[in-house]
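# Observations on the three-dimensional arrangement
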Amino acid sequence: MMLHTGFKHPVDDAQRNFRALLEALSRPLQPRALPTLPPALPGLAAGTVALLYTLADQDVAVWLPDLPADTLATLRFHTGMTLAASPLAADFIVIPTGRALPALDALPAGEAEYPDRAATLIIETGAFHQCDVEASGPGIAAPLRFGAQGLPKDFWRQWQVNHARYPLGVDALLVADGVIAGLPRSVSVKEG
Amino acid sequence: MQSSIRLYEFFLNKTERTQSMDIPTRQRWLGVLANSEAAALQTLLSPHLPPPEHVEWLRQPQTGLVMVEGRTGGAGARFNLGEVAVTRASCRWQDLTGHGWVRGTDPAHAALIAQADALLQAPDRHPALMAAVIEPLADALRARRELASRQAAASKVEFFTMVRGE
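Residues numbered from 1 in each chain as written. Chains lettered and ligands numbered in written order. Predicted model: local features only at pLDDT ≥ 70, side-chain atom pairs only at ≥ 80, totals over all residues.

### Looking at the sheet that holds strand β4 (residues 92–95) of chain A
Residue and element names in this part refer to chain A. In plain terms, the rule: Strand pairing is assigned whenever DSSP identifies at least 2 bridges connecting the two strands. Secondary structure follows DSSP: runs of H or I at least 4 residues long count as helices, runs of E at least 2 residues long count as strands, and numbering of each begins at the N terminus.
Pairing is mixed in the open sheet, where 7 strands are placed in the order β1-β9-β8-β5-β4-β2-β3. With partners counted over all chains shown, the strands left at the sheet margins are β1 (32–33) and β3 (82–83), one partner each. Alignment of β4 against strand β5 (residues 120–124), held across 4 bridges, turns out to be parallel. When the bridges of β5 are listed, Ile93 appears paired with Leu121.

### Focus: the packing of helix α1 (residues 10–26) of chain A against helix α2 (residues 46–55) of chain A
Describing two packed helices takes the angle between their axes plus the distance from one axis to the other. Residue and element names in this part refer to chain A. Formally: The axes are straight lines fitted to the C-alpha atoms, using for helices just the contacting stretch, and the angles between their N-to-C directions are given from 0 to 180°. Angular relationships are summarised with four words: roughly parallel below 35 degrees, roughly antiparallel beyond 145, roughly perpendicular across 65 to 115, and oblique for the angles in between. Residue pairs qualify as contacts under a 7 Å threshold applied to their C-beta atoms, which are placed from the backbone. Under this grouping Gly is polar, as are all residues other than the nonpolar Ala, Val, Leu, Ile, Met, Phe, Trp, Tyr, Cys and Pro and the charged Asp, Glu, Lys and Arg.
Running from N to C, α1 and α2 cross one another at 105°; their axes reach a closest spacing of 9 Å. Considering the angle they form, α1 stands roughly perpendicular to α2. Two secondary-structure elements touch here, α1 through Ala14, Asn17, Phe18 and Leu21 and α2 through Ala50, Tyr53 and Thr54. Among the residues forming the contact of α1 with α2, the class breakdown is 5 nonpolar, 2 polar and no charged.

### Topic: the packing of helix α3 (residues 38–45) of chain B against helix α4 (residues 107–120) of chain B
All names here are of chain B. Condition: Take the far helix as the reference: if the near one is turned anticlockwise from it by less than a right angle, the crossing is left-handed, and if turned clockwise, right-handed.
Running from N to C, α3 and α4 cross one another at 40°; their axes reach a closest spacing of 10 Å. When the axes of α3 and α4 are compared, the pair comes out oblique. α4 is crossed by α3, and the crossing has left-handed handedness. On α4, the residues touching Ala38, Leu41, Gln42 and Leu45 of α3 are Ala108, His109, Leu112 and Ala116.

### Quick look at the confidence of the model for chain B
Detailed conclusions should not be drawn from predicted coordinates in areas where pLDDT is low. Residues and elements named next belong to chain B. Our working rule: Scored from 0 to 100, pLDDT reflects the predictor's confidence in each residue.
When pLDDT is averaged across chain B, the result is 86; 87% of the residues are at 70 or more. Within chain B, helix α1 (residues 2–15) has the poorest average pLDDT of any element, 45, and α4 the best, 96. Predicted complex, confidence summary: ipTM 0.76, pTM 0.83.

### Let's talk about the sheet that holds strand β1 (residues 55–71) of chain B
Residue and element names in this part refer to chain B. Strand order across the open sheet formed by 3 strands is β1-β2-β3, with antiparallel pairing between neighbours. Across the chains shown, the open sheet's two edge strands, defined by having one partner strand only, are β1 and β3 (96–103). In this sheet, neighbouring strand axes are inclined to one another by 25° on average, regardless of whether the strands run parallel or antiparallel. As paired strands, strand β2 (residues 78–93) and β3 are joined by 8 bridges and run antiparallel to one another. Note on β3: the bridge partner recorded for Thr87 is Val102. Its contacts with the sheet put α4 on β1, β2 and β3, and the angle it makes with β3 is roughly 145°.

### Thoughts on the environment of Leu3 of chain A
Note that Leu3 of chain A resides in the segment before α1. When the C-alpha atoms of Leu3 of chain A and Arg185 of chain A are compared, they prove to be 35 Å apart, with 182 residues separating the residues in sequence. Those residues within four positions of Leu3 of chain A in sequence are excluded, and the remaining contacts are Ala73, Thr74 and Phe77 of chain A together with Leu58, Arg92 and Thr97 of chain B.

### A few points about the environment of Ala118 of chain B
Residue and element names in this part refer to chain B. Rules: To sort residues by burial, count the other C-beta atoms lying within 10 Å of each one's C-beta; a count of 20 or more means buried, 12 or fewer means exposed, and anything in between means partly exposed. C-beta atoms are built from the backbone.
Turning to its location among the elements, Ala118 is positioned in helix α4. Residue classification places Ala118 among the buried positions, given that 23 C-beta atoms sit within 10 Å. Along the sequence, Ala118 and Leu33 sit 85 residues apart, while their C-alpha atoms lie 13 Å from each other. Setting aside its immediate chain neighbours within four residues, Ala118 contacts Cys91, Arg92, Trp93, Leu96, Thr97 and Gly98.

### A word on the nonpolar core
Counted only if it meets this: Joining buried Ala, Val, Leu, Ile, Met, Phe, Trp, Tyr and Cys residues through C-beta atoms within 7 Å gives a set, and that set is a nonpolar core.
Counting residues in each nonpolar core, the largest one holds 49 residues, and the members touching the most others are Val62, Phe92, Ile93, Ile122, Leu174 and Val175 of chain A. Top contributing element to this core by residue count: α2 of chain A, with 6 residues. In terms of nonpolar packing, the next biggest core, distinct from the first, is built from 29 residues, Trp29, Val86, Ala111 and Ile134 of chain B among them.

### Notes on the interface of chain A and chain B
If you look at the interface, chain A gives 7 residues, while chain B gives 7 residues. A breakdown of the residues in the side of chain A that touches chain B according to their chemical character gives 5 nonpolar, 1 polar and 1 charged.

Laid out in structure tokens, this is it:
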């Protein structure tokens, strides 16, 4: 088992990425590049690793699919995160390229008293484009066209169901290598 | 002293177990390294250090606070004794990972320990390093402790109670 290097400047790099992440969530579905990327890990894209180094710490449970032991050990080493046994017990759910996405309506969506106790999905996709849906909601001035390669066919239909549960529901971060797009539960989408 | 050793134990259990070396052996050398003077370690270790470009830093030295726990009488209930400043660093040399944790705020000391830890795990470097670095440091440590306990023993005061009356 071998540990890999993380951010070159752990504090500064995580803060810069966190800023970009806040902007990505306040301007949903407007892709932006993460300012600093750590080396990618076996089975995970650099952007996903950057988000985990930025967001995870010892108070956070992350669900990851089967990944090489190196990857898990490195993530634990740099963040101290706990690994959740199932997506239902996770704060963050990571879906690397080519892995199945669990049904959105089965994931923790928060409670009426604590809507913040919902899961956040980190989904690796192919390149972003503008062909799948028309999105609207807070942070989107005029209806915005968006799409991402590699998402399951019924993802946007599931997303609309997720949006209908607002203020409950999951949030998602789409990662296309080093570029991210925020998809908070407040975003409503119309297919076509 | 005991607390810093327990820290390593905690750390090794949490992150990774050494592949080849058994835990108590590694704990011993990490304990000796952490309790020795940084200057002495620098002097003894510098001829053995690999060139800096062969060492990859997984974690640059960073300082934080660690809560030290104690037990009343050594066996009673746990209590928080207090926080202590600890500096840690981790490096990889070849495919070996070295961790250095040391009380205090000296980044160079933690970096030296991490490199020594990685080198000591290499079977071909281990015997030479034990003889040249760890044993002399352990001897110095033992001498320092004996001196301290002798000085303490010399200041011991015996109290007598005179038998009165009869």
